[in-house]
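Here are the chains, one letter per residue:
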Amino acid sequence: MAKNPNRPLSPHLQVYRWSPQMAVSIFHRATGFVLATAGMMTLLWWLSAIGGGAESYATFVKYVVSAGADGSGVQIASNWFFRLVALAVTFSFFQHLASGLRHLVLDIGAGYELKTNRTWASVAFVAAFFATAFVALFVASRFIGVL
Amino acid sequence: MDSRTNIGRVRGLGSAKHGGEHWLKQRLTAVGNVLLTTWFVLSLFMIPSFEHGPLAQWLAQPLVAVPMILMIANIFSHVKLGLQVLIEDYVHDEGLKFASMTLLNFYVIASAVFGIFVVAKLAFTGAPA
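Each residue is numbered by its place in its chain's sequence as written, counting from 1. As they are written, the chains are lettered A onward and the ligands numbered 1 onward, keeping that order. Local features are withheld for residues below a pLDDT of 70 in this predicted model, meaning they are given only at 70 or higher, and side-chain atom pairs are given and counted only at 80 or more; totals for whole chains, interfaces and linings count all residues.

Novice: Break down the overall build of chain B for me, with residues and values.
Specialist: Every helix listed is a DSSP run of H or I at least four residues long, and every strand listed is a run of E at least two residues long, numbered separately from the N terminus. From N to C terminus, chain B includes five helices and zero strands. Reading chain B from its N terminus to its C terminus gives the helix and strand order α-α-α-α-α. Here the radius of gyration uses the C-alpha set of atoms, whereas the globule reference equals 2.2 Å times the residue count to the power 0.38. Relative to a compact globule of 129 residues, whose C-alpha radius of gyration would be 14 Å, chain B shows 21 Å and is clearly more extended. The principal-axis extents of the C-alpha atoms in chain B amount to approximately 70 × 25 × 25 Å. Using C-beta atoms placed from the backbone, we call a residue buried if 20 or more other C-beta atoms fall within 10 Å of its own, exposed if 12 or fewer do, and partly exposed for counts in between. Counting every position in chain B, which comprises 129 residues, the buried fraction comes to 19%.

Shown next as C-alpha cells:
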C-alpha cells in the first residue's frame, strides 16, 4: 500500500509549548543514559585503578584528575575532558535522583494535580542545579586549587 | 499450524502474568540505588585522603567492599531495565533492536562482573604495592 505523504498527522512534540513536566521526563531518560555510560565507566576505571596498585592509580590520576607539571598534551586535554564529564555526571546524578524520587511519589498515586505536578517538576531541576553547584564549588576549592 | 488469526489464537487465555515484573524491578532497584548511592556520595565527602594507599585500605574494608559490590550489582540491574526501555522506545528497526538488546546485556553483565571482581579481589587479597 502506497503511503500518501499529504495525509494529516496527529499533533506531535513540536506543536506543544514546553513545560517543566515534559522537560523533567526527557531529562530523566537522558541523565539515566549519561550515568549508565560515562558515569559507570569512570567509576569502574577508578575502582580498578585502586585495585591495580599505586602505579595504575597514578595513571588514572594523570589522565582524569591532574596531569601535573610534567603532563603531556594528551593528558592535559584528557583532564579537561573529564572535568566536563564530571560536571555532566554530577548534574545527571542529582537530576536523576530528584526526578526519580518524584516518580516514586507519582507511582503511589500522589502529586497529579496540575499545579502540584508542575511545581515538583521544577523543584527537581532547581534541586539538581544547586546540588551540582555545591559539589562543583567544593571540588574546585578542595582539589583543583581554584577559589 | 492452524488457520486462526493471531488474535483468535490468544483470545481468552488471559495475560502472560509477566506484565508488572519489569516495572516493579525498576522501582525496587531504584529504591536500592537511593540508599546505596547516598552511602557512596557521603563516603566520597568523608574520605580523608585520595592518595592510593589510604584509598585501597578504605575500599578493602568489609563494610566498604560489601556495599560497593551491592551498589555495582544494583546499579547495573537498574541500567539494564532502564536502557531496555530506551531501546524499545527509540530503536524501531527489528534487527537493530535485537542487536542493541544483545549489546546491552553484554555491557551490563560484563561491567558488573568486572567491578565486583575488582572490589572482591582487593578485599580478599589486600592492596598490591
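Moving on from the coordinates now.
Novice: If you had to explain the overall build of chain A to someone new, which residues and values would you point to?
Specialist: Looking only at helices and strands, one finds four helices and zero strands in chain A. Ordering the α and β elements of chain A from the N terminus gives α-α-α-α. Against the 2.2 N^0.38 benchmark of 15 Å for 147 residues, chain A shows a C-alpha radius of gyration of 21 Å, more extended than a compact globule. Each of the 147 residues in chain A was classed as buried or not, and the buried ones make up 22%.

Novice: Provide a residue-level description of the confidence of the model for chain A, including the pertinent values.
Specialist: pLDDT expresses how confident the predictor is about each individual residue, on a scale running from 0 to 100. Overall, the prediction assigns chain A a mean pLDDT of 92, with 96% of residues at 70 or greater. Of all the helices and strands in chain A, helix H4 (residues 114-144) of chain A carries the lowest mean pLDDT, 93, while helix H1 (residues 20-52) of chain A carries the highest, 97.

Novice: Can you tell me about the interface of chain A and chain B, naming the residues and giving the values?
Specialist: Our contact criterion uses C-beta atoms placed from the backbone: two residues qualify when those atoms are within 7 Å. Chain A puts 17 residues into the contact, and the matching count from chain B is 21 residues. Among the secondary structure elements, those contributing two or more residues to the side of chain A that touches chain B are H1, helix H2 (54-65) and helix H3 (73-107) of chain A. Classes in brief: Ala, Val, Leu, Ile, Met, Phe, Trp, Tyr, Cys and Pro nonpolar; Asp, Glu, Lys and Arg charged; the others, Gly included, polar. Residue classes in the side of chain A that touches chain B are distributed as 10 nonpolar, five polar and two charged.

Novice: With reference to specific residues and values, describe the nonpolar core.
Specialist: Membership of the largest hydrophobic core comes to 34 residues, with the highest contact counts inside it found for Ile50 of chain A together with Val79 and Leu122 of chain B. Broken down by secondary-structure element, the contributors of at least two residues to this core are H1, H3 and H4 of chain A together with helix H3 (52-60), helix H4 (62-90) and helix H5 (94-125) of chain B. Sorting elements by how many residues they give to this core places H1 of chain A first, with eight residues. When buried Ala, Val, Leu, Ile, Met, Phe, Trp, Tyr and Cys residues are joined through C-beta atoms within 7 Å, the set is termed a nonpolar core.

Novice: Explain the environment of Asp93 of chain B residue by residue, including any values.
Specialist: As for its position among the elements, Asp93 of chain B is in the loop between H4 and H5. Measuring from C-alpha to C-alpha, the distance between Asp93 of chain B and Ile72 of chain B comes to 31 Å, with 21 residues separating the pair along the chain.

Novice: So, unusual backbone geometry: which residues are in play, and what are the values?
Specialist: Within the chain, Lys17 of chain B stands out as a residue other than glycine whose phi angle is a positive 65°. Take Lys17 of chain B: it is sitting in the loop between helix H1 (6-10) and helix H2 (21-46).

Novice: Account for the packing of H1 of chain A against H2 of chain A, naming residues and giving values.
Specialist: Residues and elements named next belong to chain A. Each axis is a line fitted through C-alpha atoms, taken for helices only over the stretch in contact, and angles between the N-to-C directions span 0 to 180 degrees. Two elements in contact, H1 and H2, have axes separated by 6 Å at closest approach and are oriented at 145°. Of the residues in H2, those touching H1 at Trp45, Trp46, Ala49, Ile50 and Gly52 are Ser56, Tyr57, Thr59 and Phe60. By residue class, the composition of the contact of H1 with H2 is six nonpolar, three polar and no charged.

Novice: Pulling in residues and values, what's your account of the packing of H1 of chain A against H5 of chain B?
Specialist: With their axes 9 Å apart at the nearest point, H1 of chain A and H5 of chain B run at an angle of 25° to one another. Looking at the two axes, H1 of chain A sits roughly parallel to H5 of chain B. Of the two elements, H1 of chain A crosses H5 of chain B, and the hand of that crossing is left-handed. When H1 of chain A is examined against H5 of chain B, the residues Met40, Leu44, Leu47, Ser48, Ile50 and Gly51 of chain A are found in contact with a partner set consisting of Ser111, Phe114, Gly115, Val118, Val119, Lys121 and Leu122 of chain B. Grouping the amino acids of the contact of H1 of chain A with H5 of chain B by side-chain chemistry returns eight nonpolar, four polar and one charged. Convention used here: angles under 35 degrees read as roughly parallel, angles over 145 as roughly antiparallel, angles from 65 to 115 as roughly perpendicular, and any remaining angle as oblique. Handedness of a crossing is defined here by the sense of rotation of the near helix relative to the far one, left-handed for an anticlockwise turn of less than a right angle and right-handed for a clockwise turn.

Novice: Outline H1 of chain A, listing residues and values.
Specialist: Under the convention used throughout, the expected extent of a helix is 1.5 Å for every residue step, that is, one less than its residue count. Relative to the 48 Å expected for 33 residues at 1.5 Å per residue, H1 of chain A spans 45 Å between its end C-alpha atoms, a close match to the ideal helical length. A residue's bend is the angle separating two fitted axes: one through the seven residues that end there, the other through the seven that start there. Largest kink in H1 of chain A: about 30°, centred on Leu35 of chain A.

Novice: Can you lay out H3 of chain A for me, pointing to particular residues and giving the numbers?
Specialist: Residue and element names in this part refer to chain A. Its 35 residues give H3 an end-to-end C-alpha distance of 49 Å, which sits within 8% of 51 Å, the value for a rise of 1.5 Å per residue. Looking only at H3, the buried set comprises Val89, Thr90, Phe91, Ser92, Phe93, Phe94, Gln95, His96, Leu97, Ala98, Ser99 and Arg102. Once H3 finishes, Gly109 follows within two positions and takes phi at roughly 95°, a positive value.

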